[in-house]
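Breakdown of the fold
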Amino acid sequence: MALPVTISDFSFQYWKDAPFALKDITLSVRPGTICALLGPTNAGKSTLLQALAGILGEHHRQAIASGTVKIGEDTFSPIPRNVLFPTVGLTLQDPYYQISGIRERVWKEVGLTLEAYSLTESEIESRVKTLLERLGLHHLSERKPSTLSGGELQRVALANILIAQPQVLLLDEPCHSLDGTSQRRLASILCSLQGSTTVIVADYQLDFALRVAEQFVVVDTGRIAFNGDRSQFLTNLHTFRSLLPVDVLEQALTNNAVVALSQRLIKNMAKK
Amino acid sequence: MKIRDQVRAELSGPAIPFVAFGIALNLTVGQIAIALKIPLYLDSIGTILVAVLLGPYAGIIAGSFANIMAAAFGNPTMMFFIPVVMVIGAFTGFLANKGWFKRWYLCVLGGMFQGVLAAIVSAPISAYLFGGTMMAGTDALVYFFRSTGHNILTSVLYQGLTSDPVDKTVSYLLVFFLLKNLPFRLLSKFRGAANVVS
Amino acid sequence: MQIPIPDKLSFVLFAWICAFLLPWQFNLPFIISLAVLASSWRPFRPITPSARKAFFRFLGYSTSFGVVLVIVNGLLLREGSIVFKAAIFDFYCGGFEYGLTVSVRLVLLSLSILVFFTSMRFQDFAEYLQSAGLPQSLVSIILLTLFFLEQLPNRITQVFTAQEARGAPVRAGMFARGRSFFLVLSPLVLSSIVESVERGIALELRGYYQRRQVKSTVHEEMANHVWLYVFLTLSLFVVIFSIVHWLSR
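**Thoughts on the overall build of chain B**
The helix and strand tally for chain B stands at nine helices and zero strands. Reading chain B from its N terminus to its C terminus gives the helix and strand order α-α-α-α-α-α-α-α-α. Overall size of chain B, expressed as C-alpha extent along the three principal axes, is 55 × 40 × 35 Å. For chain B, with 198 residues in total, the buried portion stands at 53%. By sequence separation, contacts in chain B at least 24 residues apart represent 68% of the contacts at least 6 residues apart.

Rendered as structure tokens:
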């Protein structure tokens, strides 16, 4: 069951006297919503995701944080001090590091996550194979993880987290090194999670965000510059030219619009 | 702190992948030395790195596992020197915790002590199991000492005392300079970061 | 036919007991038999081409080692009668005997280890250790090392080539090459530290450190290990025989 995420007046510095990585962040994500966290490099997107996952609290004991984070019924003041897996799952930017290197087959690699639970090997195998089929990875189940391509690795890394059925799923730049086809495949996987998992995706790729998200948050130098739904985001898109690759999106939209128009014309001609 | 708790503390976070890297480095550093035609073993460099950044027990584990894997991959005689690498890991971790990796001259001194210790521990193994013959150039030195009337153990010890301190001092200095150049932001992820930074 | 790992371990124990307690006159034929067995009998045969290469390389090393040790000790250890004269050099019987004893012992100890490891995949050995109760963290270290061992040689080559292209003196004098050693090692260590941190975080994010220790299942299967009991019995026999022999002297 998806959990809501509420962040109130959250600020974070990696150490005393460091510049604020995040400042006065207030954000609410309803359960089962897919929220896109957009912004340029060093805006603080990864820091926010890591704070929610509990990694920052675990590894940066000297950090200074204020505010509150509420995930479901659990309130953390200011941030979780331990990793919250499996309640909250986080995938990192580089999928290569998310392959443990400990297991020789993809299905065993994904099953490694479940080895922490009291499940038999056949139960693990069955759950893993079901998930791999759902993610379109079943043909890779006997492959060695180190032989996979970037897109395949990204999906296996996602499978490593999804197998534990997290209630909140955080993805840090999942489109990094993915081609268009892989991005569309990933988008369809995330869309299938809508309603059952709260998803927060941090990325700079606008077209991917527009494909999957219902809520849009723009972060700039650690502060929230925008928080709204799709129509509000599109209406205000022009204001983010300096922060987001809007011109790239516009070109893509234009190209898509041309393609869509051509297809409609061809269809109309065929009808006649 | 109990030993078990200490080991658990040393093997948390990035420790597991880093110990694995240290072991792999021990097993492959020879590749660099051969490519550069340098007559140095430096096959404990991974153990020393691990011991400095993680602690003595992690160093012991890295050294022992490296020797076991070396034995498994075609060099079975490495198995018998596990006590030596355990001493290297433990002593290096001990020195690191005392701050001996913060100054280069302390590293030199520490390397010399380490070399002497390694020579003392390896001498009975080389003498009893190998008869003082390692099929290396250093055997000539052992035979020389034997021909002057010394027994095998003493000859091997003297040979070890001429080469091990140099090898370990070079290894210690190498690790010192390697870690000195790393950003603290990275080193701070390891529990032994304070061993390196003044 | 496959011999389980515990049985192979008991064989290694038997070989070690023989190496330390029995004379070279027994151990030398044991070594020859073991070498023949390992070359021909499937449970003990090296399973990969590289393992086979390592095995035969070791046999060559053992032979050279034995010859050198016998000759050197025959020359330097002046015990017993003179067996052989070559120019100004006298070779003594006691020295030969000592050289044979040491070399045969070392070769038997080492060969048994080598046969043990080359007759199985190291991954299978690590999994056996896990089922025997070795902590998960230590098993993971072993498996991750195997993963890094696949990648590190290529990475070293890449760094070496990159540094050479940047002008590192890889083919200059000894001191310059020593400096290049540092220039190759430094980026390698830096990238590996970064990778260790990232991998450690990734493992943590999957709940890896929340795992429960696997209960040892090894003892439940012991009843089926015939060879285990055979080698243990033989080992006990050798120990008893050695004690009796020593007491009767």
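**Regarding the overall build of chain C**
Within chain C, the regular secondary structure consists of eight helices and two strands. Its helices and strands taken in sequence order, chain C reads α-α-α-β-β-α-α-α-α-α from the N to the C terminus. Its C-alpha atoms give chain C a radius of gyration of 25 Å, more than 25% over the compact-globule value 18 Å for 249 residues. Counting only C-alpha atoms and orienting by the principal axes, one finds that chain C spans roughly 65 × 60 × 35 Å. Residues counted as buried form 36% of the 249 residues belonging to chain C. Intrachain contacts of chain C at a sequence separation of at least 6 include 64% that bridge at least 24 residues.

**Structural notes on the sheet that holds strand β3 (residues 34–38) of chain A**
Residues and elements named next belong to chain A. The six strands are arranged β6-β7-β8-β3-β9-β10 in an open sheet whose pairing can be described as mixed. Edge positions in the sheet fall to β6 (88–91) and β10 (223–229), since each of these pairs with one other strand and no more. The mean angle between the axes of side-by-side strands here comes to 15°, regardless of whether they run parallel or antiparallel. Two strands pair when backbone bridges link them, and β6 and strand β7 (residues 168–172) are joined in this way by four bridges, in the parallel orientation. Paired with Thr-91 across the two strands is Leu-171, which belongs to β7.

**Details of the interface of chain A and chain C**
Contacts between the two partners involve 20 residues from chain A, matched on the other side by 18 residues from chain C. Counted by class, the side of chain A that touches chain C contains twelve nonpolar, five polar and three charged residues.

**Details of unusual backbone geometry**
Residues and elements named next belong to chain A. The omega torsion of the bond from Ser-77 to Pro-78 falls at 5°, within 30 degrees of zero and hence cis. Inspection of the secondary structure puts Pro-78 in the loop between β5 (74–76) and β6. One non-glycine residue with positive phi stands out, namely Asp-17, at about 75°. You can see Asp-17 is positioned in the loop between β1 (5–13) and β2 (22–29). For Thr-221, which is not glycine, the phi torsion reads 45° and is therefore positive. Judged by local crowding, Thr-221 falls into the partly exposed class, with 16 C-beta atoms found within 10 Å.

**Quick notes on the nonpolar core**
Among the nonpolar cores identified, the biggest contains 209 residues, and Val-201 of chain A together with Val-19 of chain B are the most heavily contacted of them. A total of 15 residues in this core trace back to one element, the largest contributor, which is helix α4 (residues 93–118) of chain C. Both domains that meet at this core, namely domain 1 (5–128 + 217–248) and domain 2 (142–210) of chain C, each give it at least three residues. Setting aside anything within four residues of it in sequence, one finds Val-201 of chain A in contact with Ile-34, Ala-36, Leu-37, Leu-171, Pro-174, Leu-190, Ala-209, Val-212 and Ala-213 of chain A.

**Let's talk about the packing of helix α6 (residues 104–130) of chain B against helix α8 (residues 152–180) of chain B**
Residues and elements named next belong to chain B. Their axes nearest at 6 Å, the elements α6 and α8 cross at an angle of 145°. Judged by the twist between their axes, the crossing of α6 over α8 is right-handed. Residues of the contact of α6 with α8, tallied by class, amount to 21 nonpolar, nine polar and three charged.

**Structural notes on the domain arrangement of chain C**
In terms of domains, chain C is made up of domain 1 (5–128 + 217–248) and domain 2 (142–210). Look at where the C-alpha atoms of domain 1 of chain C and domain 2 of chain C centre, and you get two points 37 Å apart.

**Notes on the interface of chain B and chain C**
Contacts between the two partners involve 47 residues from chain B and, on the opposite side, 51 residues from chain C. Looking at the side of chain B that touches chain C element by element, the count peaks at 15 residues for helix α2 (residues 15–36) of chain B. Here the side of chain B that touches chain C is composed, by residue class, of 34 nonpolar, ten polar and three charged.

**Observations regarding the pairing of β3 of chain A**
All names here are of chain A. Here β3 lies mainly inside the structure; five of its five residues are buried. Covered by surrounding structure in β3 are Ile-34, Ala-36 and Leu-38 together with Cys-35 and Leu-37, the residues of both alternating faces. Note: β3 against strand β8 (residues 198–203), five bridges, orientation parallel. Paired with Ala-36 across the bridge in β8 is Val-201. Relative to strand β9 (residues 215–220), β3 is paired through four bridges, and the arrangement is parallel. Counterpart to Cys-35 in the pairing with β9 is Gln-215.

**A word on the packing of α2 of chain B against helix α6 (residues 136–165) of chain C**
Axis angle and axis distance: for two packed helices, these are the angle between their axes and the distance between the axes, and together they describe the pair. Their axes nearest at 7 Å, the elements α2 of chain B and α6 of chain C cross at an angle of 35°. Once α2 of chain B is placed against α6 of chain C, the crossing between them reads as right-handed. Along its contact with α2 of chain B, which presents Ile-16, Pro-17, Val-19, Ala-20, Phe-21, Ile-23, Ala-24, Leu-27, Thr-28, Gln-31, Ile-32 and Ala-35 of chain B, the element α6 of chain C presents Ser-137, Ser-140, Ile-141, Leu-144, Thr-145, Phe-148, Leu-149, Leu-152, Pro-153, Ile-156 and Phe-160 of chain C. For the contact of α2 of chain B with α6 of chain C, the class distribution of residues is 18 nonpolar, five polar and no charged.

**Notes on the confidence of the model for chain C**
In the predicted model, chain C carries a mean pLDDT of 87, and 94% of its residues have values of at least 70. For chain C, the element scoring lowest by mean pLDDT is strand β1 (residues 82–86) of chain C, at 83; helix α1 (residues 5–21) of chain C scores highest, at 94.

Quick notes on the rules
Residues numbered from 1 in each chain as written. Chains lettered and ligands numbered in written order. Predicted model: local features only at pLDDT ≥ 70, side-chain atom pairs only at ≥ 80, totals over all residues. Helix = DSSP H or I, 4+ residues; strand = E, 2+ residues; numbered from the N terminus. Buried ≥ 20, exposed ≤ 12 C-beta atoms within 10 Å, placed from the backbone. Contact = placed C-beta atoms within 7 Å. Rg over C-alpha atoms; globule rule 2.2 N^0.38 Å. Pairing = 2+ DSSP bridges. Axes fitted to C-alpha atoms, helices over the stretch in contact; angles between N-to-C directions. Nonpolar A, V, L, I, M, F, W, Y, C, P; charged D, E, K, R; others polar. Core = buried A, V, L, I, M, F, W, Y, C linked by C-beta atoms within 7 Å. Domains from an automatic or database assignment. Left-handed = near helix turned anticlockwise from the far one by under 90°. pLDDT = per-residue confidence, 0-100.

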